[in-house]
Amino acid sequence: MIKISYFCSMQDRIDELPQLAKDKHIENKKFFAKLKKRPPKKLDQIMQDLHDQEFGETDCLQCANCCKTTGPLFTDKDVVRISKFLKIKPKRFEEQYLRTDEDNDLVLQQTPCTFLGVDNYCGIYEVRPKACREYPHTDRKKFQQITNITLKNVAICPAAYAIVEKMKARLTL
Ligand code: SF4
Ligand code: SF4
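All of these numbers come straight from a predicted model, not from anything done at the bench. (Residues numbered from 1 in each chain as written. Chains lettered and ligands numbered in written order. Predicted model: local features only at pLDDT ≥ 70, side-chain atom pairs only at ≥ 80, totals over all residues. Heavy atoms only, no water.)

Attention now moves to the site of ligand 2. Taken together, Cys 67, Pro 72, Cys 113, Phe 115, Leu 116, Cys 122, Ile 124, Pro 129 and Cys 132 are the residues near ligand 2. Partitioned by chemical class, the residues of the shell around ligand 2 number 9 nonpolar, no polar and no charged. (Near = heavy atom within 4 Å. Nonpolar A, V, L, I, M, F, W, Y, C, P; charged D, E, K, R; others polar.)

Cis geometry marks the peptide bond from Thr 111 to Pro 112; its omega dihedral reads -5°. For Pro 112, the position within the fold is in the loop between strand 2 (106-108) and helix 6 (130-134). In this structure, the amide linkage connecting Tyr 135 to the following residue, Pro 136, adopts the cis form with an omega of 0°. Backbone geometry places His 137, a non-glycine residue, at a positive phi of 65°. Along the polypeptide, His 137 turns up in the loop between helix 6 and helix 7 (147-153). Since its relative accessible area comes to 15%, His 137 is described here as buried. Positive phi is not limited to glycine here, since Lys 142 has a value of about 50°. On the secondary structure map, Lys 142 appears in the loop between helix 6 and helix 7. (Helix = DSSP H or I, 4+ residues; strand = E, 2+ residues; numbered from the N terminus. Buried < 20%, exposed > 50% of the residue type's maximum accessible area, 1.4 Å probe, protein only.)

The next thing to look at is the environment of Cys 63. Within the secondary structure, Cys 63 sits in the loop between helix 2 (43-57) and helix 3 (65-69). Given the relative accessible area of 9%, Cys 63 is considered buried. Put simply, Cys 63 and Ile 46 are 17 residues apart on the chain and 25 Å apart in space, counted from C-alpha to C-alpha. Sequence-distant contacts of Cys 63, defined by excluding residues within four places in its chain, comprise Met 10, Ile 14, Lys 68, Asn 120 and Pro 158. (Contact = heavy atoms within 4.5 Å.)

Moving on to the confidence of the model for the protein. For the protein, per-residue confidence averages 94 on the pLDDT scale, and residues scoring 70 or more make up 96% of the total. Low pLDDT (under 50) marks residues 1-6, which in the prediction has 15 contacts with non-local residues, meaning those over four places away or in another chain. (pLDDT = per-residue confidence, 0-100.)

Quick look at the nonpolar core now. With 19 residues, the main nonpolar core has Phe 32, Leu 35, Leu 43, Met 47, Phe 143, Met 167 and Leu 171 as its most contacted residues. Top element by residues in this core is helix 1 (residues 10-37). It accounts for 6 residues. Ignoring sequence-local partners within four residues, the contact set of Leu 43 consists of Leu 35, Phe 143, Gln 144, Met 167 and Leu 171. In this structure, Phe 74, Ile 82, Ile 88 and Phe 115 belong to the second largest nonpolar core, which totals 15 residues. (Core = buried A, V, L, I, M, F, W, Y, C linked by side-chain atoms within 4.5 Å.)

Okay, structure coming up:
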């Protein structure tokens, strides 16, 4: 089993993440099943603390793996807000950048995201989709309700992976 090293570069962490997540998949699944059955009373506060601590140490600008490998869903409000920012009509924005996926959700036509710059800055940061603002959702209230998506996110987001590892060390379920 590979062990994650916090002294390696961000790119090394990103590269080893899929295998690490695969190694932990069954353990995480069992842990989340217990979490759903009996969520601790202070879970919201615990998740907020773990999230704040991890993102205090993680520089997303060194990473951008979410923007490079998986796109957000766009709500109608996102489309209106972003098209206004780009000074184009919502319909034109949809035609140019989005497509409807198999679940009938509006998603990006391509990844890496068109709005991601070479410096990892987001070109529409102030008006970015709600899903981008909230990713990887580790500070979500009632975190036990989003464990299925978290099982996937630990293979994409090094911070989410670290948060789940710290959760398992902190919580006795
Ligand atoms: S949210 Fe996660 S995947 Fe996205 S840039 Fe930050 S650390 Fe990387
Ligand atoms: S809109 Fe911005 S934050 Fe969202 S995926 Fe694209 S580059 Fe990343």
